[in-house]
Amino acid sequence: MDVKVFKTFLEVAKTRHFGRAAENLYITQAAVSARIKQLESFFDQVLFIRDRNSIKLTTSGERLIGYAEVMVTTLAQAKNELSLADNRSLQLTMAGTPNIWDAYLQECLSEVTEVFSGYGFQAEALSREQLNRQLLERTLDMAFAFEPLKCDELVSQKVTDIKLELVSTSQCSVDEALSQRYVYVDWGTRFSSEHAERHSQMPAPYLRTSTGRIALEFILQKGELPICQRPFQPLTYKIID
């Protein structure tokens, strides 16, 4: 089975649209349909329910996603390792959630590559669930997260503390900001629980997002709108290895 078939399946699962998947993969929509049909014939399972206005994964399709990701990731990693064999260089794959890239990892990436001199690198932005799965599957070497992943097979080590502060395009106090239409950035379970405990009487945020970059762009576009980023204690930044 060609790995391109699994890449196509993952793209359709992500976009939920055959046409957009074809555009993203630079192939025709007929080719996308043919590859999905090939995969369904191979497993003798229907992977997508095709409605007029939407495409939904079946139970079999949902189960196949994890295996498809492993197939694609493992093959890509093997290709990278072999391409570096002539230079006797090892490949390190590192990843973090999008908000960690925004808050910290992007700026320190050059330092990480210098510390591991002689290595080749692959950097990815993944969800917390993907970090956990790929670490356990040994297709990921290092993962960065705000809280340690709960697994006896993984070793967590503190890297640094990150100080997050409330910012706004206009001057205002914390109470004023939280009483208005503020933007809430999800910095992890600890931040969420402390925010809920200390501000349970506050109105719901105007916007919730998992990344600081989205929040920053939104507040700059909207003008005078506070953005809630400040924790009540310094957040601990973890590396899961």
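What comes next is a walk through the structure. Bear in mind that the values here come from a model prediction, so they are computed numbers and not experimental data. Residues take numbers from 1 onward in each chain, read along the sequence in its written order. Residues qualify for local features only when their pLDDT is at least 70, as the model is predicted, and side-chain atom pairs are given and counted only at 80 or more; totals for whole chains, interfaces and linings, by contrast, use all residues. The basis for the side-chain values is all heavy atoms of the structure; hydrogens and waters are excluded.

### Details of the overall build of the protein
1) Next: Put simply, DSSP marks the helices as runs of H or I at least four residues long and the strands as runs of E at least two long, and each gets a number from the N terminus on. Per the secondary structure count, the protein includes nine helices and 10 strands.
2) Next: Reported accessibility uses the Shrake-Rupley method at a 1.4 Å probe radius. Residues are deemed covered only where the shown protein chains occlude them. Taken as a whole, the protein presents about 14,500 Å² of accessible surface, with 49% of it coming from carbon and sulfur.

### Examining the nonpolar core
1) Next: Residue types Ala, Val, Leu, Ile, Met, Phe, Trp, Tyr and Cys, when buried and joined through side-chain atoms within 4.5 Å, form a set referred to as a nonpolar core. Burial status follows relative accessibility: with a 1.4 Å probe on protein chains alone, a residue under 20% of its type maximum counts as buried, one over 50% as exposed, and anything between as partly exposed. Among the nonpolar cores identified, the biggest contains 21 residues, and Phe 9, Val 12, Ile 36, Leu 39 and Phe 48 are the most heavily contacted of them.
2) Next: Of all elements in the fold, only helix H1 (3–15), helix H2 (18–25), helix H3 (29–43), strand E2 (55–57) and helix H4 (59–83) reach the threshold of two or more residues within this core.
3) Next: Broken down by element, the residue count for this core peaks at seven residues, all from H1.
4) Next: Within the second largest apolar cluster, 20 residues are counted, among which are Met 94, Leu 164, Phe 191 and Ala 215.

### Quick look at the pairing of strand E4 (residues 120–125)
1) Next: Pairs of strands are assigned from DSSP output, requiring at least two bridges between the strands. The sheet contact formed by strand E3 (residues 91–96) and E4 spans six bridges and is parallel. Residue Thr 93 lies in a different strand from E4, and its bridge partner there is Gln 122.
2) Next: Viewed with both strands pointing away, a crossover whose connecting path from the first strand over the helix to the second turns clockwise is right-handed. Regarding the hand of the β-α-β motif, the stretch spanning E3, helix H5 (residues 98–115) and E4 is right-handed.

### Some thoughts on the packing of H1 against H2
1) Next: It is the contact of H1 with H2, at a shortest axis distance of 8 Å, that shows an interaxial angle of 130°. Our classification of the angle between H1 and H2 gives oblique. Judged by the sense of rotation from one axis to the other, the crossing of H1 with H2 is right-handed. Each of Thr 8, Glu 11, Val 12 and Thr 15 in H1 lies in contact with H2, whose residues at this interface are Phe 18, Arg 20, Ala 21, Asn 24 and Leu 25.
2) Next: Amino acids outside the nonpolar list (Ala, Val, Leu, Ile, Met, Phe, Trp, Tyr, Cys, Pro) and the charged list (Asp, Glu, Lys, Arg) are all regarded as polar, and Gly is one of them. Each residue belonging to the contact of H1 with H2 can be placed in one class, and the counts come to four nonpolar, three polar and two charged. For helices, the fitted axis covers only the stretch in contact; all axes are lines through C-alpha atoms, and the angles between them, taken along N-to-C directions, range from 0 to 180 degrees. Working definition: roughly parallel below 35 degrees, roughly antiparallel above 145 degrees, roughly perpendicular at 65 to 115 degrees, and oblique for all remaining angles. A clockwise turn of the near helix away from the far one marks a right-handed crossing, whereas an anticlockwise turn of less than a right angle marks a left-handed crossing. Here, residues are in contact when the closest pair of their heavy atoms is within 4.5 Å.

### Points about a nonpolar patch on the surface
1) Next: The patches described consist of residues with a relative accessible area above 30% and no salt bridge, like charges being joined within 9 Å and nonpolar side chains (Val, Leu, Ile, Met, Phe, Trp, Tyr) within 5 Å. The rule for a salt bridge is simple: a side-chain nitrogen of Lys or Arg has to be within 4 Å of a carboxyl oxygen of Asp or Glu. Together, Met 1, Phe 42 and Phe 43 line one region of the surface with nonpolar side chains, adding up to about 300 Å² of accessible area.
2) Next: Along the chain, the position of Phe 43 falls in helix H3.
3) Next: On the accessibility criterion, Phe 43 (33% relative accessible area) is partly exposed.

### Some remarks on H5
1) Next: Bend at a residue means the angle formed by two fitted axes: the first through the 7 residues ending at that position, the second through the 7 residues beginning there. The largest bend along H5 reaches roughly 60° and is located at Leu 105.
2) Next: All of the buried residues in H5 are Asn 99, Ile 100, Trp 101, Leu 105, Cys 108 and Val 112.

### Section: the packing of aromatic side chains
1) Next: Aromatic contacts are taken between Phe, Tyr and Trp rings whose centres are within 6.5 Å, Trp giving its six-membered ring; a plane angle under 30 degrees counts as stacked, one over 60 as edge-to-face, and the others as tilted. Enumeration according to the criterion identifies six aromatic pairs in this entry.
2) Next: With a centroid separation of 5.6 Å and an interplanar angle of 55°, the aromatic rings of Phe 9 and Phe 48 are classed as tilted. Taken together, the positions of Phe 9 in helix H1 and Phe 48 in strand E1 (residues 48–50) put the pair 39 residues apart, joining distant regions of the chain. Phe 48 carries the same exposure label as Phe 9, and that label is buried.
3) Next: A centroid spacing of 5.0 Å and a plane angle of 90° characterise the contact between Phe 42 and Phe 43, whose relative ring orientation is edge-to-face.

### Overview of unusual backbone geometry
1) Next: With phi around 60°, Tyr 26 is a residue other than glycine that occupies positive phi space.
2) Next: Of note, Tyr 26 is situated in the loop between H2 and H3.
3) Next: Its identity is not glycine, yet Arg 138 carries a phi of approximately 65°, on the positive side.
4) Next: Among the residues examined, Arg 138 registers a relative accessible area of 53% and is labelled exposed.

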